[in-house]
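What follows is each chain in one-letter form.
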Amino acid sequence: ELLGKHIVLADNLKPRKMRGIESRGMLLAADYKDAEGNEKVEVLDCPWAAPGTPVILEGADPAIVKKESINADVFFSCKIEVKDSVVCIDGVPLLVDGKKITTKYAKNAEVG
């Protein structure tokens, strides 16, 4: 399901062991339940964006330089969620090339 997708990655996390393997990043996806109540995952996808395009908060300076690495605990302390199909951090929409990241299936959900 990932082939051909333009996924969203957190690629500047400080290295840490997860399930015995060193990890330095994370693919972002929304958890939701389908119409039958089955738990599902929708990978965040930005088909309009070129690989490596930065993700920024709406209203942020697009020229801002991200930190070389951040602690995963700091990353996870931010509330990343889908509100009415728009992906937000602490209620502020995430943008790629000036366009909001939206979901097709997850209408109101957590992202991790």
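As a starting point, this report considers the structure included with it. It should be emphasised that the depicted structure is a prediction, and the values quoted were computed from it without experimental measurement.

## Considerations on unusual backbone geometry
And step 1. With phi around 50 degrees, Asp84 is a residue other than glycine that occupies positive phi space.
And step 2. Looking at where Asp84 falls in the secondary structure, it is placed in the loop between strand S8 (80-83) and strand S9 (86-89).
And step 3. If you check the backbone angles, Asp90 has positive phi at about 50 degrees while not being a glycine.
And step 4. On the secondary structure map, Asp90 appears in the loop between S9 and strand S10 (92-96).
And step 5. By relative accessible area, which is 53% here, Asp90 ends up exposed.

## Observations concerning the pairing of S8
And step 1. Bridge analysis of S8 against S9 gives 4 bridges, and the strand direction is antiparallel. The residue of S9 that forms the bridge with Ile80 is Ile89.
And step 2. Counting the residues in the hairpin turn of S8 and S9 gives 2 residues, including Asp84, whose phi is positive at 50 degrees.

## So, the side chain of Asn12
And step 1. Mapped onto the elements of the fold, Asn12 is located in the loop between strand S1 (9-10) and strand S2 (16-18).
And step 2. Assessed through its relative accessible area of 13%, Asn12 is described here as buried.
And step 3. A distance of 2.8 Å separates a polar side-chain atom of Asn12 from the backbone oxygen of Lys67.
And step 4. The residues touching Asn12, leaving out its near neighbours within four places in the chain, are Arg24, Lys66, Lys67, Glu68, Ser69 and Ile70.

What counts as what
Residues numbered from 1 in each chain as written. Predicted model: local features only at pLDDT ≥ 70, side-chain atom pairs only at ≥ 80, totals over all residues. Heavy atoms only, no water. Helix = DSSP H or I, 4+ residues; strand = E, 2+ residues; numbered from the N terminus. Buried < 20%, exposed > 50% of the residue type's maximum accessible area, 1.4 Å probe, protein only. Pairing = 2+ DSSP bridges. Polar contact = N/O pair within 3.5 Å; in protein donor to acceptor, adjacent residues only side chain to side chain. Contact = heavy atoms within 4.5 Å.

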